[in-house]
Amino acid sequence: MTTSTDRPALWKVIACATLLVGTLDISDAFIFYGLRGVTPTRILQGIASGVLGRAAFGMGRSSVLLGLFFHFFIAFSATTVFLLAARKLPLSRRPWVYGALFGIALYIVMNYIVLPLSRIGLRPTPPLVPLINGVAALVFCIGIPLAFIARRYIPKQIA
């Protein structure tokens, strides 16, 4: 049994969880789209294009690094939201359910709010296989891992 003194500081949990889920998510993108002929460079430049527009694809290493930064910034934001919410809501009681719901909600927020507001703009609904992969990646690479991290490291709320 762990006590509150055995738990790492919240900022450490958020930092480590960000590295984990960010790495899992970008690995899925590299593998899934790599099998379709898209390079990691192109994927990261695609992320950077949310701020830089089409110019990101001609900027070489600088837009790749910027894309990687933005990817982990988004992972940090999602991690922070979930773990802070888990301090007040029972999100870690049923990690498979709440993690999956968070992953689905994150997909909706990213694709129907964040991307339309970026320089990428609203995109048409992707074909079925990329759509399934996109939702599954956010469920299994971000949502569910965060729910299990919350279960282990976030103190239970007092009710």
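Everything below is about the structure printed above this text.
Residues numbered from 1 in each chain as written. Predicted model: local features only at pLDDT ≥ 70, side-chain atom pairs only at ≥ 80, totals over all residues. Heavy atoms only, no water.

Q: Explain the layout of surface pockets here, please?
A: Gaps left between atoms show up when a probe the size of a water molecule is rolled over them. Taken as a whole, the largest pocket holds about 1600 Å³ of empty space. Forming the boundary of the largest pocket are 47 residues, of which Ile47, Met110, Asn111, Leu115 and Arg123 lie nearest the centre. Counting residues per element, the ones that place at least two in the lining of the largest pocket are α1 (10-34), α2 (40-52), α3 (61-88), α4 (95-117) and α5 (128-153). (1 Å grid on protein atoms, 1.4 Å probe; cavity = no way out; pocket = protein on both sides within 12 Å on 5 of 7 lines; lining within 4 Å. Points joined across faces, edges and corners; volume = space filled by probe spheres on them. Helix = DSSP H or I, 4+ residues; strand = E, 2+ residues; numbered from the N terminus.)

Q: I'm lost on the packing of α2 against α3 in this one. Help?
A: For any two helices packed against each other, one specifies the inter-axial angle together with the distance between the axes. Where α2 contacts α3, the two axes come as close as 7 Å, and the packing angle between them is 75°. What the angle tells us is that α2 and α3 run roughly perpendicular. Residues Thr41, Leu44, Gln45, Ile47, Ala48, Val51 and Leu52 of α2 form the contact with α3, whose own contacting residues are Ser63, Val64, Leu66, Gly67, Leu68, Phe70 and His71. Residue composition of the contact of α2 with α3, grouped by class: nine nonpolar, five polar and no charged. (Axes fitted to C-alpha atoms, helices over the stretch in contact; angles between N-to-C directions. Parallel < 35°, antiparallel > 145°, perpendicular 65-115°, else oblique. Contact = heavy atoms within 4.5 Å. Nonpolar A, V, L, I, M, F, W, Y, C, P; charged D, E, K, R; others polar.)

Q: Would you mind going over the side chain of Gln45 with me for this structure?
A: Position of Gln45 among the secondary structure elements: in helix α2. Filtering out sequence-adjacent residues up to four positions away, Gln45 remains in contact with Ala56, Phe57, Gly60, Ser63 and Val64.

Q: Looking at this model, I keep getting lost on the environment of Ile149. Mind explaining?
A: Along the chain, Ile149 falls in helix α5. Taking the C-alpha atoms as reference, Ile149 lies 8.2 Å from Ser92; in sequence the two are 57 residues apart. Beyond its immediate stretch of four places on either side in the chain, Ile149 contacts Val13, Ala17, Leu20, Leu83 and Ile154.

Q: Can you help me understand the nonpolar core in this one?
A: One recurring pattern in soluble globular proteins is that nonpolar side chains are buried together. Phe82, Leu83, Phe102, Leu106, Ile142 and Leu146 are the most contacted members of the largest nonpolar core, which has 22 residues in total. Those elements that provide at least two residues to this core are α1, α3, α4 and α5. A total of seven residues in this core trace back to one element, the largest contributor, which is α5. Ranked by size, the runner-up nonpolar core spans five residues in total, among them Ile26, Ala29, Leu44 and Val64. (Core = buried A, V, L, I, M, F, W, Y, C linked by side-chain atoms within 4.5 Å. Buried < 20%, exposed > 50% of the residue type's maximum accessible area, 1.4 Å probe, protein only.)

Q: How do you make sense of the environment of Ala137 when you look at a structure like this?
A: Along the chain, Ala137 falls in helix α5. For Ala137, a relative accessible area of 5% translates into the label buried. With eleven residues separating them in the primary sequence, Ala137 and Phe148 have C-alpha atoms 16 Å apart.

Q: Help me understand α2, please; the structure alone is not making it clear to me.
A: For an α-helix, 3.6 residues make a turn, and residues three or four places apart therefore share a direction. A rise of 1.5 Å per residue sets the reference length of α2, with its 13 residues, at 18 Å; its end C-alpha atoms lie 18 Å apart and thus fit the reference within 8%. Of all bends in α2, the biggest is about 25°, found at Gly46. Burial in α2 covers these residues: Ile43, Leu44, Gln45, Ala48, Ser49 and Gly50. At its buried positions, α2 is contacted by α1 and α3. Of the residues flanking the end of α2, it is Gly53, one or two places downstream, whose phi is positive at about 75°. (Expected span 1.5 Å × (residues − 1). Bend = angle between axes of the 7 residues up to and from the residue.)

Q: Just checking my understanding: could you explain α5 for this structure?
A: Between its first and last C-alpha, α5 extends 36 Å over 26 residues, near the 38 Å set by a 1.5 Å rise per residue. A bend of about 30° at Val139 is the largest found in α5.

These results come straight from atomic positions and should not be treated as a statement about function.
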